[in-house]
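Chain and residue survey
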Amino acid sequence: LEKTVSIDLQQYPVVSWKWRVDKSLTSIDETTPEGDDHPIRLFFVFEPDESQQSFWFRVKRWFYLDRVHGHPFGGRFTEYLWSSHLSEGDIINDPGKPWQKLIVVEGGTENLGQWVTYQRNLYEDFKTLYNEQPRQLIFIGILNDTDQTGQEAISYIADLKFSRIDALNRVDAGHLNEEKANETD
């Protein structure tokens, strides 16, 4: 699934969603081109910085690359993924595009068959990954990715939305209050 968007992450930096994986992948190394498959991945494409692209690359983009990819080519990506064997919090280079970064938000089989909800500050994650400010968010994609290994994965996603930072603060405050309440019980 793919969607062209125009989202200013300075205004709406928080992305939330829930997903469920019913069937994961086995015996693969997701850090290699041969194992670059994931039961589900959510990716965000940012507007390219044309000042960093040569004239000929921009011509090639206009005639070919942008049409094939469905969005202006050459921008940075941030991807959240469910990994078959990497651990939550791991950050890896995309094996097929080593200049792009992947963040593991769920790993392994513990939560297979369960809806799991996430809330991330995409703006801050981008800055952490690339040490620069994100440009305009222009494209979102959702993949059940098994082309390298030929295995089968079954996954679902729902309730993808963007919100202002106060939504993240409300959730964080709620978790802190729950933790304190549990500590006093």
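For the structure itself, consult the block above.
I will try to describe carefully the structure that is included in this document. (Residues numbered from 1 in each chain as written. Predicted model: local features only at pLDDT ≥ 70, side-chain atom pairs only at ≥ 80, totals over all residues. Heavy atoms only, no water.)

1. A word on a nonpolar patch on the surface
On the surface, W115, I154 and Y156 cluster together into a nonpolar patch covering about 270 Å² of accessible area. The topology assignment puts I154 in strand 9 (residues 154-163). The exposure class of I154 is partly exposed, given its relative accessible area of 32%. (Patch = residues over 30% accessible without salt bridge, like charges linked within 9 Å, V, L, I, M, F, W, Y side chains within 5 Å. Areas by Shrake-Rupley, 256 points an atom, 1.4 Å probe, with all protein chains shown as cover. Salt bridge = Lys/Arg side-chain N within 4 Å of Asp/Glu carboxyl O. Helix = DSSP H or I, 4+ residues; strand = E, 2+ residues; numbered from the N terminus. Buried < 20%, exposed > 50% of the residue type's maximum accessible area, 1.4 Å probe, protein only.)

2. Quick word on the pattern of salt bridges
A complete count under the given rule lists 8 salt bridges for this structure. The residue R120 makes a salt bridge to D125 at a minimum N-O spacing of 3.0 Å. Through salt bridges that share partners, D36, R41, E79 and D94 make up one connected network.

3. A short note on the pairing of strand 6 (residues 97-107)
Here 6 bridges tie strand 4 (residues 77-83) to strand 6, and the two strands are oriented parallel to one another. Residue pairing for strand 6: Y80 is matched across the bridge by I103. In this sheet, strand 6 lies alongside strand 5 (residues 91-94) in antiparallel orientation, the contact comprising 4 bridges. Residue pairing across strands places D94 opposite K97, the latter belonging to strand 6. What sits between the antiparallel neighbours strand 5 and strand 6 is a turn of 2 residues. (Pairing = 2+ DSSP bridges.)

4. A short note on the sheet that holds strand 7 (residues 116-121)
Strand order in the open sheet formed by 3 strands is 7-2-9, and the pairing between neighbours is antiparallel. Edge positions in the open sheet fall to strand 7 and strand 9, since each of these has one partner strand only. Strand-to-strand twist of the sheet, defined as the mean angle between neighbouring strand axes without regard to direction, takes the value 20 degrees. Note that strand 2 (residues 14-23) and strand 9 share 8 bridges and pair antiparallel. Paired with V21 across the strands is S155, a residue of strand 9. Where helix 2 (residues 122-130) meets the sheet, it contacts strand 2, strand 7 and strand 9, and its direction lies at approximately 65 degrees from that of strand 7. (Axes fitted to C-alpha atoms, helices over the stretch in contact; angles between N-to-C directions. Contact = heavy atoms within 4.5 Å.)

5. A short note on the side chain of D94
Counting through the fold element by element, D94 comes out in strand 5. Within the structure, the side chain of D94 is placed 3.4 Å from the side chain of R41, a separation counted as a polar contact. Look past the residues within four positions of D94 in its chain and what remains in contact with it is D36, R41, E79, Q100 and L102. (Polar contact = N/O pair within 3.5 Å; in protein donor to acceptor, adjacent residues only side chain to side chain.)

6. Thoughts on the environment of P39
Residue position: P39 is located in strand 3 (residues 38-46). Between the C-alpha atoms of P39 and W82, which are 43 residues apart in sequence, the distance is 6.3 Å. Ignoring anything within four residues of it in the chain, the contact list for P39 reads V21, K23, S24, L25, W82, S84, L143, N144, A153 and S155.

7. Some details on the pairing of strand 4
Counting buried positions over the 7 residues of strand 4 gives 7, a clear majority of the element. Taking every second residue as pointing to the same face, both faces of strand 4 are buried, with F77, E79, L81 and S83 on one and T78, Y80 and W82 on the other. Pairing analysis gives 6 bridges linking strand 3 to strand 4, with the strands arranged antiparallel. Each residue of the ladder has a partner; that of F43, found in strand 4, is E79.

8. Overview of helix 2
For helix 2, every residue scored as buried is listed here: L122, Y123, D125, F126, L129 and Y130. For helix 2, the angular spread of the buried residues around the axis is 165 degrees, confining them to a single face. Between a side-chain oxygen at the N-terminus of helix 2 and the backbone nitrogen of Y123 the separation is 3.2 Å; the capping residue is N121. Positioned one or two residues after helix 2, N131 has a phi angle of 55 degrees, which is positive. (Arc of directions from axis to C-beta.)

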